[in-house]
Amino acid sequence: MDGQPPAPYGKKLKTKPQTAARREDEDLRASDDIAAFAGCHMISPRFEHDRSAGAPCFHREFYLVEQVASAVLSITAFGLVHVELNGSVAIDDVLAPGWTDYRHRLMYSTYDLSGLIRLGENRLEIMLGNGWYRGQLGRPSRRDLYGERLGLLASLTITFVNGETLTIKTDESWNARSSHVTRDDLYDGCVMDFRSRPRQLGVEALEFDAVTLEKQAFPGIAVTENIVGSPCFRGRDGPIIYDFGQNVVGWVRLKIKPQRCERTIVVRHAEVLEDDKLSLRPLRAAKATDIYHLTASGPTQIEPRFTFHGFRYASIDGVDPANIERVEAIVIGSKLPRRGWFSCSDPLLNRLHENVVWSMRGNFLGIPTDCPQRDERLGWTADIQVFAPTASFLYDCTDLLDSWLRELSAAQLPDGSVPVIIPDIYRRPSVATAGWGDAAVVVPWVLYQFTGRAKLLETHFETMRKWLARIERATGPELIWRGGHQYGDWLDPTAPPDDPASAMTDRNLVATACFYRSAKIAADIASLLGLTDDARKYSDLRNGIFDRFQNEFVTRAGKLTSETQAAYAIVLTYGLLLPNQIQKAGERLADLVRKAAFTIGTGFLGTPVILDALCMTGHERVAMRLINQTECPSWLYPVKMGATTMWERWDSLLPTGEVNPGEMTSFNHYAFGAVADWMHRVIAGLRSEQIGWKAFSVTPPLWTGLTFAEASVESPAGTISSRWEYFDGVLSLKVLVPEGVSARIHLPGETIDLPAGGHAIERAVATERGLQGEPTVLTTRHAIDNLEIWTAVEDAVRQYRPDWSFQQIARAAFHYLDLPLPDLSRCVGLSIPTAEEDALRATLTALSAEVTTQALMGCHISEA
Ligand code: BGC
């Protein structure tokens with residue numbers, strides 16, 4: 001202990017007189033949170049050493065003479081903490097205390113250190129990193145967003161077997177020295193210099209407002225997995241590249257043989273390779289590089305501190321590959337309990353689902369973020385708004401999102417504007433963006449639906465109210481939300497690489513639809529909370545928006561002014577149509593999907609709802625064709641290209657293998673993964689039917705072409721699972737129903753209510769109904785909905801139009817959808833000799849005849 005004999009603490013402890021400049025009344029106050037740190041000071045290295053010292057390391061020695069029963073550390077910081085007790089890492093969490101707007105909330109956690117404390121001498125060491133507090137954030141990057149000085153607040157309470165206690169508190173009696181972490185930044189990475197000698201820094205107390213303290217109510221960020229990498233490339237004179245086989249979030253731990261000389265090792269990271277090199281452009285300004293200056297006797301196991309990267313590949317420079325013993329990806333994420341699982345008979349769909357899970361694992365880091373690799377990694381509101389139903393099913397993230405929503409409330413501007421990212425680092429005045437700000441309404445609603453915790457609605461209702469008032473001011477009595485800072489159906493596949501907001505769908509339509517949905521949810525919440533006036537007000541508002549919306553964007557027959565997949569999907573699922581318009585709109589949507597050759601045409605807002613819109617209007621097979629598509633753009637295209645996480649763009653990697661030229665190209669963005677929610681509800685057929693899963697239904701979808709699908713969920717009402725299998729005309733179903741939960745099973749022609757317990761049901765059923773009635777006419781629409789038949793049609797067309805892509809054929813077919821299939825021959829007829837057109841007609845006629853006959857025997861043809 002700084003050259004002095006250790007003071008004997010424990011029974012004989014005499015606390016040192018406080019050297020703090022702060023007076024008693026400035027010390028922490030007496031709520032529970034404040035009490036946890038009573039008498040502690042927020043300590044910092046002395047001003048003159050603060051920034052130059054890299055990551056400062058505080059330490060405190062103490063001597064115990066009594067048997068210890070327990071040792072509990074409460075800790076938080078302006079910055080990030082790394083804690084060691086007696087030379088061992090003492091807390092599992094990394095990047096603690098996570099990210100909040102530290103001006104309003106500073107979260108602390110408590111850790112049990114009993115296993116590391118010992119009789120006699122003890123040494124507690126706590127290193128501080130810049131993290132979100134004063135490292136780079138946003139673009140262009142800003143530093144010191146919350147303050148310029150790092151600070152540590154900690155209290156270690158030791159309870160002895162004899163019942164007495166001792167608390168070690170941060171104050172100016174602590175020591176600080178510089179460490180071998182000479183630079184640390186979330187975006188740029190970490191520099192460790194083992195050649196440098198520690199310098200004493202001195203300690204002083206910082207002013208800080210103890211009322212901001214709050215105990216973290218959800219699991220911290222921690223290491224969740226280690227993946228050993230294998231070398232994949234060594235360019236000429238270039239560094240060796242390791243592949244971890246999975247795009248992850250975390251860092252690289254390197255084990256090397258003992259070195260006999262000084263050396264500098266550089267580790268760089270990337271999500272994809274281009275020309276056998278790391279593709280660094282998508283990282284934009286983030287350096288994502290860890291550098292180690294090692295001495296001859298330096299450590300043989302190295303890993304960075306206070307940073308994280310998004311990567312599948314890492315290059316290692318500065319050490320002979322023969323001297324590398326092991327390279328591991330240390331995977332981190334919020335340590336949330338897993339809640340839901342899914343699997344089916346199609347490996348591509350399973351991989352898609354797995355990619356969604358991985359993107360959630362990597363992007364839930366204390367808050368829900370957009371991406372983990374570039375100079376961004378922010379809490380974008382729309383991303384979680386669309387992903388919340390999937391997130392709630394996959395992991396128990398209620399408390400984490402509740403905490404994030406409280407950040408949102410704190411960041412809401414007095415005029416009701418909701419910033420597009422939370423915590424709000426841009427601090428712009430008065431921004432209101434549809435689909436983004438609506439997270440304030442949608443996310444609490446989704447959490448409530450899953451958990452039944454009405455308290456969530458109470459807590460966040462005021463924020464919703466202010467948000468809706470903000471939109472009302474933007475729309476005026478017209479109730480149509482025009483213009484302003486809108487991202488629309490962000491990143492639909494037609495948006496040019498450099499203009500992601502330039503989607504096909506009318507932004508005013510999207511914005512007004514979002515307004516409608518939020519008003520509708522607010523009306524439901526208000527009546528649920530017994531707020532009669534609000535319930536009336538918001539249902540009037542909802543009805544008003546509905547009428548204006550109809551006037552402005554819908555024809556009487558149900559056609560939309562914006563003829564896009566997203567527009568129809570949103571309008572149908574948000575409930576913006578009259579009953580007599582729904583079917584027409586559904587048909588129109590299905591035709592647009594057919595016209596696009598079953599490639600996706602939606603962006604962030606249309607994507608989560610398009611499959612539901614198709615299914616609710618009886619176009620399940622079109623939905624299935626859409627999700628089964630492997631050509632670009634589609635959900636399975638990235639899977640086919642080897643993706644192991646969800647991509648930000650449908651074509652983050654172009655079909656040529658090049659990275660999308662847009663400067664915003666992440667390979668780990670969960671927004672399009674919102675489709676997993678549909679996979680659970682529709683492919684597995686498992687759906688909650690009452691708030692908090694008090695009732696659920698299972699509907700095996702026999703139109704999928706799959707042979708089985710299953711899902712299970714640790715619901716608040718207990719473990720629920722279901723698995724359907726279809727083989728040889730027999731449908732088998734296994735369902736687990738917890739006590740107190742009602743389950744309804746929908747089988748073809750039959751509905752069964754099941755009591756609690758495990759159930760196995762078997763029925764003989766025909767998968768498909770074939771063509772209805774006497775199948776006299778096979779139309780082009782019938783044909784295009786069936787992959788097998790359509791492949792034969794495409795082959796036939798290509799005999800005469802060999803250079804037509806699958807999209808061109810679908811576009812041509814669009815005009816013949818209602819006609820008998822042989823009439824499609826005309827689509828190639830204008831510029832080719834009639835004889836060839838006739839020949840194509842003959843082929844299509846023969847095909848129709850064959851299909852119609854087969855249909856009677858059970859071939860897959862969609863119902864008329
Ligand atoms: C983020 C998105 C976000 C969008 C909105 C992007 O840079 O990564 O996910 O929603 O900006 O502008």
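A quick note: this is a predicted structure, and the numbers were derived from the prediction, not measured. (Residues numbered from 1 in each chain as written. Predicted model: local features only at pLDDT ≥ 70, side-chain atom pairs only at ≥ 80, totals over all residues. Heavy atoms only, no water.)

Here the focus is the overall build of the chain. From N to C terminus, the chain includes 19 helices and 36 strands. For 864 residues, the compact-globule estimate of 2.2 N^0.38 gives 29 Å, and the C-alpha radius of gyration of the chain, at 30 Å, lies within 12% of that figure. Seen through its C-alpha atoms, the chain measures out along the principal axes to roughly 100 × 70 × 55 Å. Expressed as a percentage of its 864 residues, the buried residues of the chain come to 61%. A separation of at least 24 residues holds for 74% of the contacts in the chain among residues at least 6 apart in sequence. As displayed, the chain has an accessible area near 32,900 Å², and 50% of this comes from carbon and sulfur atoms. Between the centroid of the 89 positive side chains of the chain and the centroid of its 107 negative side chains there is a distance of 3 Å. (Helix = DSSP H or I, 4+ residues; strand = E, 2+ residues; numbered from the N terminus. Rg over C-alpha atoms; globule rule 2.2 N^0.38 Å. Buried < 20%, exposed > 50% of the residue type's maximum accessible area, 1.4 Å probe, protein only. Contact = heavy atoms within 4.5 Å. Areas by Shrake-Rupley, 256 points an atom, 1.4 Å probe, with all protein chains shown as cover. Lys, Arg positive; Asp, Glu negative; His and termini not counted. Charge placed at Lys NZ, Arg CZ, Asp CG, Glu CD.)

A word on unusual backbone geometry. Residue A96 is joined to P97 through a cis peptide bond whose omega torsion reads 10 degrees. In this structure, P97 sits in the loop between β6 (88-89) and β7 (106-112). Its identity as a non-glycine residue notwithstanding, F306 has a phi of 60 degrees, on the positive side. Of note, F306 is situated in the loop between β23 (301-302) and β24 (309-317).

A few words now on the packing of aromatic side chains. Any two aromatic rings considered together are summarised by their centre-to-centre distance and by the angle between their planes. Inspection of the entire model under this criterion finds 27 aromatic pairs. Ring geometry for W635 against W650: centres 5.7 Å apart, planes inclined by 85 degrees, an arrangement best described as edge-to-face. Taken as a pair, W635 in the loop between α13 (620-628) and α14 (636-640) and W650 in the loop between α14 and α15 (675-683) lie far apart in primary sequence, 15 residues in all. You can call W635 buried: its relative accessible area is 1%. Look at W650 and you get buried, because its relative accessible area is 4%. In this structure, R428 packs its charged tip against the face of Y426, placed 5.1 Å from the ring centre. Here the basic side chain of R625 rests over the ring of F598, its NZ or CZ set 4.1 Å away from the ring centre. (Phe/Tyr/Trp six-rings, centres within 6.5 Å; stacked < 30°, edge-to-face > 60°. Lys NZ or Arg CZ within 6 Å of the ring centre and 35° of its normal.)

Moving on, we come to the side chain of N668. You can see N668 is positioned in the loop between α14 and α15. In this structure N668 comes out as buried when scored by relative accessible area, which is 0%. Within the structure, N668 has its side chain in polar contact with the side chain of S359 (distance 2.6 Å). In this view, N668 contacts N247, V249, E271, W358, S359, N363, D370, C371, P372, Q373, T645 and M646; residues no more than four positions away in its chain are not counted. (Polar contact = N/O pair within 3.5 Å; in protein donor to acceptor, adjacent residues only side chain to side chain.)

Turning our attention to the site of the ligand. By nearness alone, every residue bordering the ligand is listed as D370, R374, E376, W380, D383, W436, Y487, W490, F604, E648, M664 and H669. Between the ligand and D370 there is a distance of 2.7 Å, counted from an oxygen atom to a side-chain nitrogen or oxygen. Alone, the ligand offers 300 Å² of accessible surface; in the complex the protein occludes 96% of this. Grouping the constituent residues of the shell around the ligand by class yields six nonpolar, one polar and five charged. (Near = heavy atom within 4 Å. Nonpolar A, V, L, I, M, F, W, Y, C, P; charged D, E, K, R; others polar.)

Here the focus is the pairing of strand β3 (residues 57-64). By the criterion of burial, β3 is predominantly enclosed, with seven of the eight residues buried. Where β3 meets strand β11 (residues 175-177), three bridges bridge the pair, whose relative direction is antiparallel. The partner of C57 across the bridge, within β11, is R177. Here β3 runs beside strand β8 (residues 120-129); their pairing, made up of eight bridges, is antiparallel. (Pairing = 2+ DSSP bridges.)

Judged by pairing direction, the sheet is antiparallel, and its five strands sit side by side in the order β26-β31-β32-β33-β36 without closing on themselves. The open sheet terminates on both sides in strands that have one partner only, identified here as β26 (340-344) and β36 (757-764). Strand-to-strand twist across the sheet, computed as the mean angle between neighbouring axes with direction ignored, equals 5 degrees. As paired strands, strand β32 (residues 718-727) and strand β33 (residues 730-737) are joined by seven bridges and run antiparallel to one another. Residue pairing for β33: F727 is matched across the bridge by V730. Against the sheet, α15 contacts β26, β31 (708-715) and β32, and its axis sits at roughly 70 degrees relative to β26. (Axes fitted to C-alpha atoms, helices over the stretch in contact; angles between N-to-C directions.)

Glancing now at the sheet that holds strand β30 (residues 695-698). Sheet strands pair via backbone hydrogen bonds, and the direction of the pair is either parallel or antiparallel. Here four strands make up an open sheet; going across it, the order is β29-β30-β34-β35 and the pairing mixed. The sheet is open, and its two borders are formed by β29 (686-688) and β35 (750-754), each paired with just one other strand. Put simply, the sheet's adjacent strands are angled 20 degrees from each other on average, direction ignored. Two strands pair when backbone bridges link them, and β29 and β30 are joined in this way by three bridges, in the antiparallel orientation. Residue pairing in the sheet places S688 in a bridge with F696 of β30.

This part covers the pattern of salt bridges. Scanning the model with the defined rule gives 47 salt bridges in all. One salt bridge in this structure joins E328 and R253, with 3.9 Å as the shortest N-O distance. In this pair, E328 is assigned in strand β25 (residues 324-334) and R253 in strand β18 (residues 240-256), connecting sequence segments 75 residues apart. Neither E328 nor R253 differs from the other in exposure class; each is buried. Among the salt bridges present, the one from D533 reaches R536, with a minimum N-O distance of 3.8 Å. Highlighted residues: D533 and R536, both in helix α9 (residues 532-553), separated by three residues, approximately one helical turn. Residue D533 is classed as exposed on the basis of its relative accessible area of 57%. (Salt bridge = Lys/Arg side-chain N within 4 Å of Asp/Glu carboxyl O.)

So, on to helix α7 (residues 454-475). A rise of 1.5 Å per residue sets the reference length of α7, with its 22 residues, at 32 Å; its end C-alpha atoms lie 30 Å apart and thus fit the reference within 8%. Residue H460 marks the point of greatest curvature in α7, where the axis turns by about 45 degrees. Taken together, the buried positions of α7 are occupied by L456, L457, H460, F461, T463, M464, W467, L468, R470, I471 and T475. Elements in contact with the buried residues of α7: α5 (398-411), α6 (439-451), α8 (507-528) and α9. Positive phi appears at G476, one or two residues downstream of α7, with a value of about 65 degrees. (Expected span 1.5 Å × (residues − 1). Bend = angle between axes of the 7 residues up to and from the residue.)

The biggest cluster of nonpolar side chains holds 247 residues, and the ones touching the most others in it are F364, W635 and W678. Tallying contributions element by element places α8 first for this core, with 13 residues. The residues touching W678, leaving out its near neighbours within four places in the chain, are L611, D612, C615, A623, M624, I627, I683 and W703. Membership of the second largest hydrophobic core comes to 34 residues, among which are V83, A90, L156 and L166. (Core = buried A, V, L, I, M, F, W, Y, C linked by side-chain atoms within 4.5 Å.)

So, on to the confidence of the model for the chain. Of all residues in the chain, 93% have pLDDT values of 70 or greater, and the mean over the chain is 92. Of the regions scoring below 50 in pLDDT, residues 1-30 engages in 59 contacts with residues more than four places distant in sequence or in other chains. (pLDDT = per-residue confidence, 0-100.)

On to the packing of helix α3 (residues 347-363) against helix α4 (residues 381-394), then. Where α3 meets α4, the closest approach of the two axes is 11 Å, and the angle between their N-to-C directions is 90 degrees. Relative to α4, the element α3 is oriented roughly perpendicular. Of the residues in α4, those in contact with H353, V356, V357 and M360 of α3 are F387, T390, A391 and L394. Partitioned by chemical class, the residues of the contact of α3 with α4 number six nonpolar, two polar and no charged. (Parallel < 35°, antiparallel > 145°, perpendicular 65-115°, else oblique.)

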